[in-house]
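# Commentary on secondary and tertiary structure
Residue-level listing of the chains:
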Amino acid sequence: MEISIRAALAAAWQRVVRAAAVLTLAGAVSGVTLPAAHAARMDNSPGVLSPSVGNRLLELIEMEGEERWREVEAGYSEMIDNGSLSPYERAVLLRQRGRARYELDNLAGAISDWRSTIALAVLPEDDANALRINTGQLLMVADDYRAGINLIEAAIARGVPLNRDLAARLAQAHARVEDHEGGLPYARFAFARAEEEEAGGADRQTYSLLLYYYQQLAMLPDQLALMEAMVTRWPTEKANWTSYASLLAQLGREADAFEVNRIMYLNGMLTSSAELVRLAQYYSWYDYPYGGAVMLERELNAGRVERSTANMQLLANLWRHAREWERAMPVLERVATTSGAGPDFEAYGEALYQAGRFEEAEAIFLQALNRGGLSRPGDIWTYVGNARMEQNDLGGAARAFHRALEWEYSRAGAQGWLEFIASKRAILAAAAELERQITIEDCEIEVERARRQIVVSPDEYDSEGNRILDIPERCEPWFDTNGNRLPDPERI
């Protein structure tokens, strides 16, 4: 995000050079003889150059115009090293040599000369401030950001108006030294000026600079407002939408974050497998598993989402949560047989159970228990018991519920089922006894009715002379052929 300073330095330097030329001409009046006392006063006056210095300076400035920078630097160095100079003359020459060194890409030399010039404190305030600005920018280029900040802020404190360019440079420099509190006002200033001055508003670089400060200072509401503006300004840039969704989630606006992700998906911005899987998870989190399952299944079939075990598990879970058991079962079966893991068999068994396929569910639940790795095996034994109950296998169900008693979390439920089984067995036993009594009473009536029948043939008596009665088949367990009640041990 660095802004090039060469153009800015060149523009600022033109004003400095023009001022230097005027001062030189004022002091070096060619062809005029001044009184000795006046010349002495002139040599020692602040802001005035002696004729010898002024004339040589004009020659060197002409050479600057011809870009003969090495000769210029050597000329200024000779004057600085050999001449007897006033503080003002030294300041002017150091400033000019610094310019030559800058043009020769000797930034360290330019910085040294200009800092020495500023330290002499004899230049007019405007010239000194121009040097502070230029030197500050060079210090930033040399990675001495704090020193650069100090010089530019000193110029501003002495009357240099803060403009958009300086604000941006200061914001960038404060960011480099991680002084975010100090840099935020400059970033905001640069952004506001760009919004006012540019026909299309601030550019991406200016937006990014301010956004950086909001991020570093955890100013989430300001960050969100800026991101909303960026999404509006550059609606096709995926990174802005992604950051916007992330901010909404951080601010507790998860539903809005979900909607932003859905918009991105509908506009084709989510293309990677990870992004599409994350969106499917969003559907689950916001209680819309059916939509997530449809989307994920479509992307799996299209090959945009990897058909890994984890992604297939996610699809199966989405169908389960949507209670779409028939659609979940093929996926769950594939996951279980691929992974061989107990929890995957547990999920498959649940789907079979919910679909009413109890015998298959029982078998799969038992496989899950055998494979292990279950977080709550007691619950699976309860499921096995329930599946057996649905098949009217009370004995098998009771055995499963007894196994579920081994875990605290499933004990109460299993005990309830065992009590239910005991109650049901008692009811069935009572019903069977009642049915037996009713049957016996009915048979007694039938036996008595048979006794009253008229004998029509000697064959109705046995060899001992006892009458043989026509006993209904259903009464045979309780009465013999002579109508006598069978003893209890022989009853069923």
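This text goes with the structure placed above it.
Structural notes, computed from the coordinates. (Residues numbered from 1 in each chain as written. Predicted model: local features only at pLDDT ≥ 70, side-chain atom pairs only at ≥ 80, totals over all residues. Heavy atoms only, no water.)

## Observations concerning the state of the cysteines
- Evaluated as defined, the whole model comprises one disulfide.
- Covalent S-S linkage joins Cys443 and Cys475, the inter-sulfur distance amounting to 1.9 Å. Handedness of the Cys443-Cys475 disulfide follows from its S-S torsion of about -90°: it is left-handed. On the criterion of sequence distance, the pair formed by Cys443 in helix 23 (residues 408-451) and Cys475 in the segment after helix 23 is long-range, its members being 32 residues apart.
- Assessed through its relative accessible area of 0%, Cys443 is described here as buried.
- Residue classification places Cys475 among the buried residues on the basis of a relative accessible area of 0%. (Disulfide = S-S within 2.5 Å. Helix = DSSP H or I, 4+ residues; strand = E, 2+ residues; numbered from the N terminus. Buried < 20%, exposed > 50% of the residue type's maximum accessible area, 1.4 Å probe, protein only.)

## Comments concerning the nonpolar core
- In terms of nonpolar packing, the biggest core is built from 97 residues, with Tyr244, Leu279 and Leu296 touching the most fellow members.
- Setting aside residues no more than four positions away along its own chain, Leu279 makes contact with Phe258, Asn261, Arg262, Tyr265, Leu270 and Met295.
- One finds Trp69, Ala100, Ile118 and Leu131 within the second-largest nonpolar core, a separate group that totals 29 residues. (Core = buried A, V, L, I, M, F, W, Y, C linked by side-chain atoms within 4.5 Å. Contact = heavy atoms within 4.5 Å.)

## Re the environment of Glu360
- As for its position among the elements, Glu360 is in helix 20 (residues 358-371).
- Sequence separation of Glu360 and Gly349 is 11 residues, and the distance between their C-alpha atoms is 7.7 Å.

## Here's the deal with unusual backbone geometry
- Positive phi values are uncommon outside glycine, yet Glu178 reaches one of about 60°.
- Tracing the chain through its elements places Glu178 in the loop between helix 9 (164-176) and helix 10 (180-197).
- Judged by its relative accessible area of 61%, Glu178 is exposed.
- Phi angles above zero are rare outside glycine, and Ala218 is one such case at about 55°.
- Note that Ala218 resides in the loop between helix 11 (204-216) and helix 12 (220-233).
- A relative accessible area of 56% means that Ala218 is categorised as exposed.

## Some details on the packing of helix 15 (residues 273-285) against helix 16 (residues 289-302)
- Where helix 15 meets helix 16, the closest approach of the two axes is 7 Å, and the angle between their N-to-C directions is 160°. Looking at the two axes, helix 15 sits roughly antiparallel to helix 16. The element helix 15 and its partner helix 16 pack so that their crossing is left-handed. Along its contact with helix 15, which presents Leu276, Leu279, Ala280 and Tyr283, the element helix 16 presents Pro289, Gly291, Gly292, Met295, Leu296 and Glu299.
- Grouping the amino acids of the contact of helix 15 with helix 16 by side-chain chemistry returns seven nonpolar, two polar and one charged. (Axes fitted to C-alpha atoms, helices over the stretch in contact; angles between N-to-C directions. Parallel < 35°, antiparallel > 145°, perpendicular 65-115°, else oblique. Left-handed = near helix turned anticlockwise from the far one by under 90°. Nonpolar A, V, L, I, M, F, W, Y, C, P; charged D, E, K, R; others polar.)

## Details of helix 13 (residues 238-250)
- The end-to-end C-alpha separation of helix 13 is 19 Å, in line with the 18 Å expected for 13 residues at 1.5 Å each.
- The complete set of buried residues in helix 13 reads Asn240, Trp241, Tyr244, Ala245, Leu247 and Leu248. Taken around the axis of helix 13, the buried residues stretch over an arc of 160°, which confines them to a single face.
- Each element contacted by the buried residues of helix 13 is listed here: helix 12 and helix 14 (254-266).
- At the exit of helix 13 stands Gly252, carrying a positive phi of roughly 80°. (Expected span 1.5 Å × (residues − 1). Arc of directions from axis to C-beta.)

## Re the pattern of salt bridges
- Evaluated as defined, the whole model comprises 27 salt bridges.
- Its salt-bridge partner being Arg164, residue Glu198 comes within 2.8 Å of it at the nearest N-O pair. One end of the pair, Glu198, is in the loop between helix 10 and helix 11; the other, Arg164, is in helix 9, with 34 residues separating them in the sequence.
- Taking relative accessible area as the criterion, Glu198 reaches 37% and is therefore assigned partly exposed.
- Ionic pairing is found between Glu350 and Arg320, a salt bridge with its closest N-O pair at 2.3 Å. On the criterion of sequence distance, the pair formed by Glu350 in helix 19 (residues 342-354) and Arg320 in helix 17 (residues 309-321) is long-range, its members being 30 residues apart. The pair Glu350 / Arg320 is uniform in exposure class, with both members buried. (Salt bridge = Lys/Arg side-chain N within 4 Å of Asp/Glu carboxyl O.)

## A look at the side chain of Thr117
- Relative to the helices and strands, Thr117 is located in helix 6 (residues 107-120).
- Beyond its immediate stretch of four places on either side in the chain, Thr117 contacts Ala91, Leu94, Arg95, Leu123 and Leu131.

## Some remarks on the packing of aromatic side chains
- Applying the stated criterion across every chain yields a total of 13 aromatic pairs.
- Geometrically, the ring pair formed by Phe401 and Trp417 is stacked, given 5.5 Å between the ring centres and 5° between the ring planes. Here Phe401 is found in helix 22 (residues 394-404), whereas its partner Trp417 is found in helix 23, with 16 residues between them in sequence.
- On the basis of relative accessibility, which here comes to 0%, the residue Phe401 falls in the buried class.
- A ring pair is formed by Trp417 and Phe420, whose centres lie 5.7 Å apart and whose planes are at 85°; its orientation type is edge-to-face. Separated by three residues within a single helix, Trp417 and Phe420 lie in helix 23, roughly one turn from each other.
- Classification of Phe420 as partly exposed rests on a relative accessible area of 41%.
- One cation-aromatic arrangement involves Arg262 over Phe258; the distance from NZ or CZ to the ring centre is 5.8 Å. (Phe/Tyr/Trp six-rings, centres within 6.5 Å; stacked < 30°, edge-to-face > 60°. Lys NZ or Arg CZ within 6 Å of the ring centre and 35° of its normal.)

## Let's talk about the packing of helix 9 against helix 11
- Between helix 9 and helix 11, the shortest axis-to-axis distance is 11 Å and the interhelical angle comes to 40°. Here helix 11 runs oblique to helix 9, going by the angle between their axes. Seen from above, helix 9 lies across helix 11 with left-handed handedness. From helix 9, Ala168, Ala171, Gln172, His174 and Ala175 reach across to helix 11, where they touch Gln205, Leu209, Tyr212 and Tyr213.
- When grouped by side-chain class, the residues that make up the contact of helix 9 with helix 11 number six nonpolar, three polar and no charged.

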